[in-house]
Amino acid sequence: MKSTVDIVVLGSGFAGSLLATILASRGREVVVIDRGTHPRFTIGESSTPSADFLLRKITHQYELTELQPLVAFGSWREAYPNISCGCKRGFSYVWHGDDGGFQATENHDCELLVAASDSRATADTHWYRPDVDERFAEVAKNRGVRFLEHSEIQSIDHEAPGQWRLEFTRDGRHEILRAAFVVDASGPSQLLLKTLGVPDMSDRLQTKSSAVFGHFEKVPLTESWLREQGVTIEEYPYPVDDAAVHHVFRDGWLWQLRFENGVTSIGFVSPEAPAARDPDVAWKAILDQHPVLKELMRGSKRSTFPGRMFSSPRLQRLSATAAGDDWAALPFTVGFIDPLHSTGIAHSLSAVDRLCEILLRSDSRVRNASLRSYSAAIVSELEHIDRIVAGCYAGLRDFRLFHAMTM
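Residues numbered from 1 in each chain as written. Predicted model: local features only at pLDDT ≥ 70, side-chain atom pairs only at ≥ 80, totals over all residues. Heavy atoms only, no water.

Student: Please clarify how helix α2 (residues 49-61) should be interpreted in this entry.
Tutor: Count 3.6 residues to each turn of an α-helix, and residues three or four apart come out pointing the same way. Taking 1.5 Å per residue, 13 residues should reach 18 Å; α2 reaches 18 Å between its end C-alpha atoms and fits that length. On its buried face, α2 is in contact with α1 (14-25), β6 (124-127), α4 (129-142) and α10 (344-359). A positive backbone phi angle near 55° is found at glutamate 63, which sits one or two residues after α2. (Helix = DSSP H or I, 4+ residues; strand = E, 2+ residues; numbered from the N terminus. Expected span 1.5 Å × (residues − 1). Contact = heavy atoms within 4.5 Å.)

If you want it as structure tokens, here you go:
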């Protein structure tokens, strides 16, 4: 392997792999370094119309024909039936926060369905990330990106402007790689940001939520439960489960994302951030505190992969800077707010779109100014998402308030 390359990307999630693919297809020598390999469990699974619009734009602009079918549920299932996804025709919210719990009414006062497409063919998708991230990585490799997997970064040294030196171990061997530009796509690990000592600004964020989550099989349809409650399902604009389903309570909400492989992603988000707890203990406590969830999940079981629950302390984090003259970080590395409203995939794709335009320019002065603008924008956008989500959580006590803030 050459010891000097144009760009190193730290992390091989879908966004890092996509960025590397585009840069390599335009003649840049790109290396992706990752401590693991694919497939692997991760969340951040629900796309949106914005996400699909951006993916369509990117794949057509850079002629990535291998990824173009992923922009809609119909074309995805036709082209890649082996890459699991779920049908997402909108957002479904079910309100359980009244004193008597959910109430079926003529005007559907305890339900909110936000439609985003008129058919399954044109619908957005839930991304089963073990399959999807692996596909993005495969495309990158086929397009000439070198992947150094099972690699542990030992040090990252900034020797001079445009001169980075990375030491790492790979399969027991010590290696050194030099690059002119580094992209931190390592997510919460923040490999480059921590090396640079970028200040943490998480205390500026209003949202303070935490989550317990996992994958399950044989999860009953929410539609069946709603019918049992006397809801007139026929008046809905789409099947309620063909969506990101949110069961909303005064003290948090549960997500349900169904994939075509029989797996359902489920997690409960609390608007407060308790001390770290054992995920199994935390999950049992959530079910005990919300008996209706036991009804909604009767007969279900944990999926064999990954086969366990996960929990997080406070989800929110925010770094002060997202780029410099010879480095940049993707949004999920810079910060994260909350899974409410599924902003993550679209935000990552928008950053890939902007960074590609910046890094493919030849004028260094224009590029440096653009990187500064990119940095300020990413931080500002994360703070904007924080204000919206915090407002929604303030509305948990009254579904009308939650409804208004969601709109």
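Now, onward.
Student: I'm lost on unusual backbone geometry in this one. Help?
Tutor: With an omega of 0°, the peptide bond between histidine 38 and proline 39 qualifies as cis. Along the chain, proline 39 turns up in the loop between β2 (30-33) and α2. Cis geometry is found at the peptide bond from phenylalanine 305 to proline 306, where omega equals 10°. Even without a glycine there, the phi angle at histidine 341 is positive, about 75°. Note on placement: histidine 341 falls in the loop between β20 (335-336) and α10. Look at histidine 341 and you get buried, because its relative accessible area is 14%. Positive phi, close to 60°, is recorded for serine 342, a residue that is not glycine. (Buried < 20%, exposed > 50% of the residue type's maximum accessible area, 1.4 Å probe, protein only.)

Student: Help me understand the packing of α1 against α4 in this model?
Tutor: Helix packing geometry: the angle between the two helix axes and the distance between the axes. Packing of α1 against α4 brings their axes to within 8 Å, and their N-to-C directions diverge by 15°. The orientation of α1 with respect to α4, classified from their angle, is roughly parallel. The two elements α1 and α4 cross, and the hand of that crossing is left-handed. Side by side, α1 and α4 meet where Phe14, Ser17, Leu18 and Thr21 of the first sit next to Arg129, Asp133, Phe136, Ala137, Val139 and Ala140 of the second. (Axes fitted to C-alpha atoms, helices over the stretch in contact; angles between N-to-C directions. Parallel < 35°, antiparallel > 145°, perpendicular 65-115°, else oblique. Left-handed = near helix turned anticlockwise from the far one by under 90°.)

Student: Looking at this model, I keep getting lost on empty space enclosed by the protein. Mind explaining?
Tutor: Gaps between atoms show up when a probe of the same size as a water molecule is rolled over them. The full count for this structure, using the stated rule, is 2 cavities of 30 Å³ or more. The volume enclosed by the second largest cavity comes to roughly 30 Å³. Along its surface, the second largest cavity is lined by Pro220, Leu221, Ser224, Trp225, Glu295, Leu296 and Arg298. Elements represented by at least two residues in the lining of the second largest cavity include exactly α6 (222-228) and α8 (291-296). Residues belonging to the lining of the second largest cavity are distributed by class as follows: 4 nonpolar, 1 polar and 2 charged. (1 Å grid on protein atoms, 1.4 Å probe; cavity = no way out; pocket = protein on both sides within 12 Å on 5 of 7 lines; lining within 4 Å. Points joined across faces, edges and corners; volume = space filled by probe spheres on them. Nonpolar A, V, L, I, M, F, W, Y, C, P; charged D, E, K, R; others polar.)

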